[in-house]
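Here is how the chains run, residue by residue.
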Amino acid sequence: DSWGGEISLGYNGKIGRDWTYSFKGNISYATSKVIKKIQSAAIIGTWQDEEGRIRGGEVGYFSTGIMTQADVDNLAAEYGTYVDATTHETKLNYTILNEQPAAGMLNFRDVGGPGYSDTPDGKIDENDQRIISKYDNPPYHYGITMDFGWKDIKVSAIFSGQFGNDVVYDKAVYTTGEGNRSNFAWLNKTSNNLTMWNDHWTPENTDASMPKLYKGMADKRSTFWMRDGHSLALRSLQVSYQMPKKL
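Source: prediction; values computed, not measured.

> Got a minute to help me understand the overall build of the protein in this structure?
Counting its secondary structure elements, the protein contains two helices and 15 strands. Taken against the 2.2 N^0.38 rule, which gives 18 Å for 247 residues, the C-alpha radius of gyration of the protein at 27 Å runs more than 25% over that of a compact globule. C-alpha extents for the protein along the principal axes are approximately 100 × 55 × 25 Å. Across the 247 residues of the protein, 32% fall into the buried class. Across the protein, contacts joining residues at least 24 apart in sequence account for 61% of those joining residues at least 6 apart. Total accessible area computed for the protein in this model is approximately 15,600 Å², and 52% of it derives from carbon and sulfur atoms.

> Help me understand the nonpolar core in this model?
Burial of nonpolar side chains together is a common tendency in soluble globular proteins. Grouped together as the largest cluster of nonpolar side chains are 24 residues, with contacts concentrated most on Ile96, Phe108, Met217 and Trp225. Residue assignment for this core shows that the elements contributing at least two residues are α1 (69–79) and β8 (106–108). Setting aside residues up to four positions removed in sequence, phenylalanine 108 forms contacts with Tyr61, Phe62, Ser63, Thr64, Tyr94, Ile96, Leu97, Ile124, Met217, Lys220 and Ser222.

> What am I meant to see in the environment of serine 2 here?
Secondary-structure assignment places serine 2 in strand β1 (residues 2–15). Given a relative accessible area of 59%, serine 2 falls into the exposed group. Spatially, the C-alpha atom of serine 2 lies 32 Å from that of glycine 115, the residues being 113 residues apart in sequence.

> How should the pattern of salt bridges be read in this particular structure?
For side chains bearing opposite charge, pairing can occur when the charged atoms are close. This model, assessed by the stated rule, comprises six salt bridges. With a closest N to O distance of 2.6 Å, arginine 221 and glutamate 58 form a salt bridge. One end of the pair, arginine 221, is in the loop between α2 (171–174) and β14 (226–228); the other, glutamate 58, is in strand β3 (residues 58–60), and 163 residues separate them in sequence. In this structure arginine 221 comes out as partly exposed when scored by relative accessible area, which is 29%.

> Is there a simple way to explain the packing of aromatic side chains in this structure?
Describing an aromatic ring pair means giving the distance of the ring centres and the angle of the ring planes. Taken as a whole, this structure holds 12 aromatic pairs when the rule is applied. With a centroid separation of 5.1 Å and an interplanar angle of 35 degrees, the aromatic rings of tyrosine 61 and phenylalanine 108 are classed as tilted. Of this pair, tyrosine 61 sits in the loop between β3 and β4 (63–66) while phenylalanine 108 is found in strand β8, placing the two residues 47 residues apart along the sequence. When its relative accessible area of 6% is taken as the criterion, tyrosine 61 is described as buried. Assessed through its relative accessible area of 2%, phenylalanine 108 is described here as buried. Here tyrosine 79 and tyrosine 94 contribute two aromatic rings whose centre-to-centre distance is 4.8 Å and whose plane-to-plane angle is 40 degrees, an arrangement assigned as tilted. Residue tyrosine 79 is found in helix α1, and its partner tyrosine 94 is found in the loop between β6 (90–92) and β7 (95–96); the two are separated by 15 residues along the sequence. You can call tyrosine 94 buried: its relative accessible area is 3%. Cluster of aromatic residues (ring-pair linked, three or more members): Tyr11, Tyr21, Phe23 and Phe148. For arginine 109, the ring lying beneath its charged end belongs to phenylalanine 62, and the centroid distance is 4.6 Å.

> Can you help me understand the side chain of serine 222 in this one?
Looking at the element boundaries, serine 222 is found in the loop between α2 and β14. Not counting chain neighbours up to four residues away, the residues in contact with serine 222 comprise Tyr61, Ser63, Phe108 and Ile132.

> Hey, could you run me through the sheet that holds strand β12 (residues 153–163) in this one?
Hydrogen bonding along the main chain pairs the strands of a sheet, whether they run parallel or antiparallel. Reading across from one edge, β1-β2-β11-β12-β15 is the order of the five strands in this open sheet, with antiparallel pairing throughout. Of all strands in the sheet, those with a lone pairing partner are β1 and β15 (231–241), marking the two edges. Taken over all neighbouring pairs, the strand axes of this sheet differ in orientation by 10 degrees on average, direction set aside. Summarising the sheet, strand β11 (residues 140–150) and β12 pair through 11 bridges and their orientation is antiparallel. For threonine 145, the partnering residue across the bridge sits in β12 and is isoleucine 158.

> Got a minute to help me understand a nonpolar patch on the surface in this structure?
A contiguous nonpolar patch, built from Ile15, Trp19, Phe23, Phe148, Trp150, Ile153, Val155, Leu234, Leu237, Val239, Tyr241 and Met243 and spanning about 1,200 Å² of accessible area, is present on the exposed surface. Secondary structure elements with two or more residues in the nonpolar patch: β2 (19–32), β11, β12 and β15. Counting residues per element, the nonpolar patch draws most heavily on β15, which supplies four residues.

Scoring rules and cut-offs
- Residues numbered from 1 in each chain as written.
- Predicted model: local features only at pLDDT ≥ 70, side-chain atom pairs only at ≥ 80, totals over all residues.
- Heavy atoms only, no water.
- Helix = DSSP H or I, 4+ residues; strand = E, 2+ residues; numbered from the N terminus.
- Rg over C-alpha atoms; globule rule 2.2 N^0.38 Å.
- Buried < 20%, exposed > 50% of the residue type's maximum accessible area, 1.4 Å probe, protein only.
- Contact = heavy atoms within 4.5 Å.
- Areas by Shrake-Rupley, 256 points an atom, 1.4 Å probe, with all protein chains shown as cover.
- Core = buried A, V, L, I, M, F, W, Y, C linked by side-chain atoms within 4.5 Å.
- Salt bridge = Lys/Arg side-chain N within 4 Å of Asp/Glu carboxyl O.
- Phe/Tyr/Trp six-rings, centres within 6.5 Å; stacked < 30°, edge-to-face > 60°.
- Lys NZ or Arg CZ within 6 Å of the ring centre and 35° of its normal.
- Pairing = 2+ DSSP bridges.
- Axes fitted to C-alpha atoms, helices over the stretch in contact; angles between N-to-C directions.
- Patch = residues over 30% accessible without salt bridge, like charges linked within 9 Å, V, L, I, M, F, W, Y side chains within 5 Å.

Here it is as structure tokens:
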């Protein structure tokens, strides 16, 4: 089921004998909803059930940000700890995709459990993925046209934009900081890696904007990498002059 609409407005005016101007704008909305779909009976009524909701959407984890040591300590207080019988290490009764929480890692909201349950189970795994953005394509589009004239000179500009959706960084961006690298010589001033990764978490840089480079859960699709999808572009800019009939 698809629906939408569009509104357009315009105005022309003149100032004195020599100045003219005009403004035109339009905005449109379009979306669709899944009415009926053949799908597994196990997902009916769960977050994966597509019937009755907007088509598409971004799927991932709800990020709670880069963890500090205080965050790790709070998790230990909330979920408790145990001593590993093999390594004799003290571990938390809470895991993030099978890893023990640590400062510098991304953490995510515990929103579900096995069997499409919406009850938190004290660990982060694939059962905690949800639709993190309703729209993966912009439902709103708009355009603006402006014309200004002075005597025989005219300037015209056309803008177009879109909004209402969220965008997630390309996977190549947020997987850069993960991998089985024993050293990170690849991240240097002469490499072609994104400079944003220069501000990654280390014990000496705890206020970093990026998580730690290894086992920082940076390669998981989440709201940490999601941004407002609003965009505005200048599509055309023209300057014209009307030659006089007689030179």
